[in-house]
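Commentary on secondary and tertiary structure
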Amino acid sequence: MIKEKRLLDEFLRLVQIRCSTRQERKVADLLTKQLTELGCTVQEDNAAKKLNSDTGNLIADLKGSIKAPVLMLTAHMDCVEPCENIHPQIVDGIIRSDGSTILGADDKAGVASILEVLRVLKEDNIPHGDLQIVFTVAEEGGVNGSKNLDKTLLKADLGYTLDTHGAPGKIVIKAPGQNKIFVKVKGTAAHAGIAPEKGNNAIMAVAKMLTKMPQGRIDEETTCNVGRIKGGQATNIVAETVEVDCEARSRDKVKLDELTKNICDIFERGGRETRTQVDVEVRKAYDPYEISPNSPVVQIAAQAAQKINLPVLLEESGGGSDANFFNSYGILCAVLGIGTTNGHTTAEFIKEKDLYDTARLTLQIVKDVADMGIK
Ligand SMILES: [Zn+2]
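Because the structure is predicted, anything quoted here is derived from the model rather than measured.

Reading the values: rules and limits
Residues numbered from 1 in each chain as written. Predicted model: local features only at pLDDT ≥ 70, side-chain atom pairs only at ≥ 80, totals over all residues. Heavy atoms only, no water. Axes fitted to C-alpha atoms, helices over the stretch in contact; angles between N-to-C directions. Helix = DSSP H or I, 4+ residues; strand = E, 2+ residues; numbered from the N terminus. Parallel < 35°, antiparallel > 145°, perpendicular 65-115°, else oblique. Left-handed = near helix turned anticlockwise from the far one by under 90°. Contact = heavy atoms within 4.5 Å. Nonpolar A, V, L, I, M, F, W, Y, C, P; charged D, E, K, R; others polar. Disulfide = S-S within 2.5 Å. Buried < 20%, exposed > 50% of the residue type's maximum accessible area, 1.4 Å probe, protein only. Donors = N, O, S within 2.8 Å, 3.2 Å for Na, K, Ca; no water. Domains from an automatic or database assignment. Buried area = accessible area lost by both parts, 1.4 Å probe. Salt bridge = Lys/Arg side-chain N within 4 Å of Asp/Glu carboxyl O. Polar contact = N/O pair within 3.5 Å; in protein donor to acceptor, adjacent residues only side chain to side chain.

What follows covers the packing of helix α2 (residues 25-37) against helix α4 (residues 105-123). For the pair α2 and α4, the least separation of the axes is 10 Å and the interaxial angle reads 15°. Comparing the axis directions of α2 and α4 gives the class roughly parallel. By crossing handedness, the relation of α2 to α4 is classed as left-handed. Contacts between α2 and α4 involve V27, L31, Q34, L35 and E37 on the former and, on the latter, K108, V111, L115, L118, R119 and K122. Here the contact of α2 with α4 is composed, by residue class, of 6 nonpolar, 1 polar and 4 charged.

This is how it looks when you write it as structure tokens:
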């Protein structure tokens, strides 16, 4: 049986360890120790080297007592800033930070729930098939941990990523792909007072281009954003260079490609019109995915939720996650709601109940997958 106090204590302990993106070492070491004590064989892949960080992804194998489909459970270790000195507080069953930092329930609620499930499996001697626990690094800011994960270590038949807002029982069946578009515009520098006519102002050129840019919500499954702009040097210099970073997302691959091309065209055409030199680079962040509501990975989670009286909600998401990559690696993987609210802000919180229900639901999923093997 899930022990709420133990799960809560683990959660509170984990969130208080600083674990920003690409600096996951402390948490990874603690998790490696705990997973090993719980009987897992833990491997750390070489993502640290690829990411120029201090920690790789953890892939832990727990041998099953029965033959059943291999089930993967995943969560990410890193969190967004500010995450130094997180002081969680609990009032009326709601866990928050003291308001000066994020809480870090995204995604320590997922991590702690998975650990609790492993503890219960062991102490209650619950039969289960082989399990693969994957704790990723660098999910925040571009899903780079799972993107650089050593796929050869994965052997699961299906998986769940415990990492989205919405109460336990929510199952994400569709998520967007994302392209990042990096633009460099180069005009001509000149003294702004003595010889402005010799210059060609890159800031003014970019301003013209941006008036043509699509912005915000394009349709119900497509969005785009100009997220960063940087350029110029001083008031007395005609601005020579400007950098513009944009993103495009869509749950439809064709729309994503069209929107990306449209953005590239706007800048390239704008370069010709303003006689500036424009350099556009598209970097794919991740591909979209879609899981049929009838697929086993959705059905198992939905039935498990019903068994423990959680309302089931199938949802299409606006954000990418580690599941985008697990699906692209051929493991059917759904994202589960774990109750995190106001993520990526200092107002982040989670209800205690949602934390416990996440562990209960995950335990029920493990049991139900084990049952598939027995039949
Ligand atoms: Zn997350």
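From this point on, the discussion continues.
In total, this model carries 0 disulfides according to the counting rule given. No disulfide involves C40; its sulfur sits 18 Å from that of C333, the nearest cysteine. A relative accessible area of 6% means that C40 is categorised as buried. The class for C333 is buried, based on a relative accessible area of 0%.

Quick look at the coordination of the zinc ion now. The coordination sphere of the zinc ion, as far as protein atoms go, consists of H76 (NE2), D106 (OD) and D163 (OD), spread over 1.9 to 2.3 Å. Of note, the zinc ion draws all its donor residues from one chain, in the sequence arrangement H-x29-D-x56-D. Here the residue D106 occupies a position in helix α4, and D163 occupies one in strand β7 (residues 158-165), the gap between them amounting to 57 residues.

What follows is about the packing of helix α1 (residues 4-15) against α4. With their axes 9 Å apart at the nearest point, α1 and α4 run at an angle of 140° to one another. Of the possible angle classes, the one that applies to α1 and α4 is oblique. At the point where α1 passes α4, the crossing takes the right-handed sense. Here R6, L7, E10, F11, L14 and V15 of α1 come into contact with α4, specifically with A105, K108, A109, V111, A112, S113, L115, E116, R119, V120 and E123. When the residues that make up the contact of α1 with α4 are grouped by side-chain class, the tally is 10 nonpolar, 1 polar and 6 charged.

Here we come to the domain arrangement of the protein. For the protein, the assigned domains read domain 1 (4-175 + 288-373) and domain 2 (177-286). With centres defined by C-alpha atoms, the gap from domain 1 to domain 2 works out at 37 Å. For the pair domain 1 and domain 2, the summed buried surface comes to about 880 Å²; carbon and sulfur atoms form 55% of the total. If you look at where domain 1 meets domain 2, you find 2 salt bridges. Our count for the domain 1 to domain 2 interface comes out at 5 residue pairs in polar contact (both at pLDDT 80 or more). Among the elements of the structure, β8 (170-175) and α9 (322-328) are those that each provide at least two residues to the side of domain 1 that touches domain 2. When its residues are assigned to classes, the side of domain 1 that touches domain 2 shows 4 nonpolar, 5 polar and 3 charged.

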